[in-house]
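# Coordinate inspection notes
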Amino acid sequence: MGLTKEVHVVSHTHWDREWYLTFQQYRMRLVDVIDQVLDLLENNPEYKYFTLDGQAIVLEDYLEIRPENRSRVEKLVKSGKLMVGPFYILPDEFLISEEAHIRNLILGHKIAEEFGAVMKVGYIPDPFGHISQLPQILQGFGIDNFIFTRGLNDTQQSEFWWQAPDGTKVLAIFQPGGYCNGRWLSIENKEHLDRFKHVYRVLSEKATTQNLLVNNGCDHLPPQPELPEVLKGFRKIFPDAKFMHSTFQAYIAQVKKAKPRLKTICQELRGNKEQYLLYGVQSARMYLKQRNDRIQVELTRYAEPFSAFAWLLGGEYPQGALWRAWRYLMQNHPHDSICGCSIDAVHQQMLTRFDWAHELASEISNRAKISIADQIDTHDLDKKEIAFVIFNPLNWERTEVFQTEINFELPDIGKYKGVRILDETNTEIPVQLSSVNLDIKTYLHPKKHPHQPRVYSMKVSIPVERIPACGYKTYRAIPLMVDTILQGKPLAHNNILENEFLQIEVNPNGSLNIWHKETDTEYKNCLIYEDGADAGDEYNYSPPRKDTIITTESSSPQISLVDNGPLAATVKIDGVLHLPQSLTADFQERVSETVACPLTTYVTLTTGSPRIDIVTEFENKAKDHRLRVLFPSGIKTKYSFAEGHFDVVQRTIGLPNDITAYKIEHPPTTHPQLGFVDVNDSKIGLAVINQGLPEYEVKDDAKRTIALTLLRCVGWLAHWDLLTRELPAGPHLPTPDAQCLGKHRFKFSILPHSGNWLDATVYRQAAQHNVGFSTLQTDSHQGRLPKSMGFLSVEPKELVVTAIKKSEKEDFVIIRFYNIGEKTVQGTIGFGKTVTQVYLAELSEKRLQKLEITNGKSVELSVPKKKIITLAVQFAP
């Protein structure tokens, strides 16, 4: 006789906060569900446990309506009957930043702890794939396990070790049949009973121990009150099994106790042989992804670090305001929200939350910069002069051409035509003046009345040198009554742009031929726009059975120079895409009628930069299509390399060899990215950097063409009859806003380079493109700060800082960075102010090992490959 199966039945509800209904509509259902849960747990001793989906936000949403029930919830959480946390929300893992993942766990823990206990389970049932570094992130919060449904191709065993790139492991539990495999368990209903018999057989076949996990619940379902009686009946129907009302924690403990021999998987989980991956969500409603990207940058690169620096200088750290901004932002991060796969009303309401998060983040950032600038000594300014401070949020010293506006408040309207700029040593620096305009500006200071003067607004390009890492540098600007004319050879001549790194020929069709001087490599016909039909839905791209591809290859746009000088040059390419209006009514092909969609591209090259920076403006008047921009690399390689979360992910180009094994969904050739994608052969490479455009493909063609998705326009939440997916992934509801009609603006950059992406520090160029300098004008005043200062430096180049913030619970500054490279490096962290204590810490900010400080100014430590390091630093008063 075999060993007895132990079947752990976990009661839960999976809570999509918004999807085919709005948040408020779903909230009313949530109130009903939790009301029933509380009554059941309190009044039926045989109904022992309920799990609230791993999300702490459901408690906030519920108690805003039922505040009188807070003590009931606390009592049940403390007693171990109601499981909450560890996350704030269940996000799409690929579409939010690495630091958003950390904040999600910090806030989820904070809320759950306030109620008495955190469920230390990495329960992530529904998101569409899982990032490579999730095991390391989970372990950073004391979570050594992971329960999931989507993303695994090799599903022969339901348990395995999942290993992050640094070697950190968690016990991973794959759920055959998904997180609803035990919904509405029944003895009397034959259909339900037969379904569960099948589930039981599959679970038994795949389990590596005698412990089986059954999820009693599904999307938005209430608890099943008769469950205890059903489990008693199951013990008769399944005599070889012991059924128990259980928890995820108890199940995991029993699996560990059995000590099974498990395989180890070290990769991101994006398989879709048995469960939908729904990879088209990376490009649905692209405007949401762009907004999210900019606000994440505002929070983590400007608001948090400069607030921390201002706090070190005696200011107040706005922790409450920062968390409110994060809350609004993270409320847009659930997978049905940020993925763009809900009804229109949901995404319209997201825009308001984005606005609120942005308004808070930008105000916090501005106040921090004012607080610092007010302490810089600028008393040597003359009456008509102004000082402007350039802030560098990145962890390396930067030298580059910077384009900015300088505004002079002067009484003599019409007299001033130019500007002279001096650095902190009073050395004059070159100025390329692009324009002088009269304007009205609003100046806001937290301690002064609003000020709205009429100003001379001068747009300039200047070469700024050695802006300190995580610091600032102050410049002096002097208005001139004569034109500012910069001597030197302009970067543009006719249709050629050229600096010390690149020569760019603008072709008559608007595409670019790029000569990379260092490697003597030419990349031809870059920047071709390609538009094809999309007969898919918000979840999946799908071509129609007969497609018509439109490109700019044979177009004749107007090409003009809009700025040209020794420091910067910009070419404007003004054209029109004539696109079919839509698909035919049967979704089989594109209609013959076309609409004119204006397409304008600005191509900018600056002195000293190896990048070509692009801005594209597009007015979409067509439906049912996908717009991409193409970059033929000509590089012979099997792989692409894309920036991920605390990682750069290598992916195979083209379709898998076993393509016939993908029965329910076509395997993806498009993939997610954060800041860049790169192709290289270790000698030469081509990277495409993006700003909030998370989908790319490297085509399996002879040219290894990089395709960057700009828009994917569809009209249905979920649609039938897709060539790329077998069945609908959600309700068949119209979503006209997902057609993305109207004006759009996209920013990206082209970076040819030598060596591989690491040799060329592509990630630094991506950061400099996406995290620009921030400036603030200030007046004449005494101060205790020098005109140039760095608060923090982290070297060598392989170490990438992702967070600088005040600790949640202590008067320490949290500094987080990771080793993006493939080898262990010796890290040096330098401080602009004296420090008294430095600790290694967990991602949760719990302090661990104390580190030795050198001269009160630096620490050194060994950082293994792909390792995330968190430091807690106490500065001297």
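Here the structure is shown first, and the text comes after it.
Quantities reported herein were computed from a predicted structural model and do not represent experimental measurements. (Residues numbered from 1 in each chain as written. Predicted model: local features only at pLDDT ≥ 70, side-chain atom pairs only at ≥ 80, totals over all residues. Heavy atoms only, no water.)

Here the focus is the state of the cysteines. Note on terminology: a disulfide is the covalent bond linking the sulfur atoms of two cysteines. Using the criterion set out here, one finds one disulfide in the structure. One disulfide bridge connects Cys180 with Cys218, the sulfur atoms lying 2.0 Å from each other. Looking down the S-S bond of the Cys180 and Cys218 bridge, the torsion is 75 degrees, so its handedness is right-handed. Remark: Cys218 occurs in the loop between β8 (211-216) and α7 (227-237) and Cys180 occurs in the loop between β7 (169-174) and α6 (190-206); sequence separation between them is 38 residues. Across this residue pair, the class does not change: Cys180 and Cys218 are buried. Left unpaired, Cys597 is separated from the closest cysteine sulfur, that of Cys713, by 9.1 Å. Residue classification places Cys597 among the buried positions, given a relative accessible area of 0%. For Cys713, which is in no disulfide, the shortest distance to another cysteine sulfur is to Cys740 and amounts to 4.9 Å. (Disulfide = S-S within 2.5 Å. Helix = DSSP H or I, 4+ residues; strand = E, 2+ residues; numbered from the N terminus. Buried < 20%, exposed > 50% of the residue type's maximum accessible area, 1.4 Å probe, protein only.)

This paragraph deals with helix α2 (residues 57-65). Across the nine residues of α2, seven count as buried, placing the element largely inside the fold. Listed as buried for α2 are Ile57, Val58, Leu59, Glu60, Asp61, Tyr62 and Leu63.

Next up on the list: the pairing of strand β38 (residues 774-778). Only one face of β38 is covered, namely the face carrying Ser774, Leu776 and Thr778; the face carrying Thr775 and Gln777 is uncovered. Pairing between strand β11 (residues 386-392) and β38: five bridges, direction antiparallel. Within β38, the residue paired with Phe391 across the bridge is Ser774. (Pairing = 2+ DSSP bridges.)

This paragraph deals with the sheet that holds strand β10 (residues 264-265). Strand order in the open sheet formed by five strands is β4-β5-β7-β6-β10, and the pairing between neighbours is mixed. Single-partner strands in this sheet number two, and they are β4 (123-124) and β10. Strand direction decides the pairing type here: strand β6 (residues 159-163) and β10, joined by two bridges, are parallel. When the sheet's bridge partners are listed, Trp161 is paired in β10 with Thr264. Along the sheet, helix α8 (residues 248-258) contacts β4, β5 (145-148), β6 and β7; its crossing angle with β7, the most-contacted strand, is approximately 110 degrees. (Contact = heavy atoms within 4.5 Å. Axes fitted to C-alpha atoms, helices over the stretch in contact; angles between N-to-C directions.)

Attention now goes to the packing of aromatic side chains. In total, this model carries 32 aromatic pairs according to the counting rule given. On the basis of an interplanar angle of 10 degrees and a centroid distance of 4.7 Å, the ring pair of Phe146 and Phe148 is categorised as stacked. In terms of burial, Phe146 and Phe148 fall into one category: buried. On the numbers, 5.7 Å between centres and 50 degrees between planes, the contact of Phe148 with Phe174 is tilted. Here the residue Phe148 occupies a position in strand β5, and Phe174 occupies one in strand β7, the gap between them amounting to 26 residues. Take Phe148 and Phe174: they sit in the same class, and that class is buried. Clustering of aromatic rings is evident, with ring pairs tying together Phe146, Phe148, Phe160, Trp162 and Phe174. (Phe/Tyr/Trp six-rings, centres within 6.5 Å; stacked < 30°, edge-to-face > 60°.)

On to the pattern of salt bridges. Between side chains of opposite charge, pairing is possible as soon as their charged atoms come close. Within this structure, the stated rule accounts for 54 salt bridges. The partner of Arg327 in a salt bridge is Glu60, and the shortest N-O contact between them spans 2.6 Å. Of this pair, Arg327 sits in helix α10 (residues 319-330) while Glu60 sits in helix α2, and the two are 267 residues apart along the sequence. A salt bridge links Asp355 to Arg291; the nearest nitrogen and oxygen atoms lie 3.0 Å apart. Here Arg291 lies in helix α9 (residues 286-312) and Asp355 lies in helix α12 (residues 344-373), a separation of 64 residues in the sequence. Taking the relative accessible area as the measure of exposure, Asp355 reaches 32% and is therefore partly exposed. Counted as one network, the salt bridges with shared partners bring together Glu99, Arg103, Glu304 and Arg816. (Salt bridge = Lys/Arg side-chain N within 4 Å of Asp/Glu carboxyl O.)

To continue, consider the pairing of β6. Note that β6 and β7 share five bridges and pair antiparallel. Bridge pairing links Phe160 to Ala172 in β7. What sits between β6 and β7 in their antiparallel hairpin is a turn of five residues, with Gly167 showing a positive phi close to 105 degrees.

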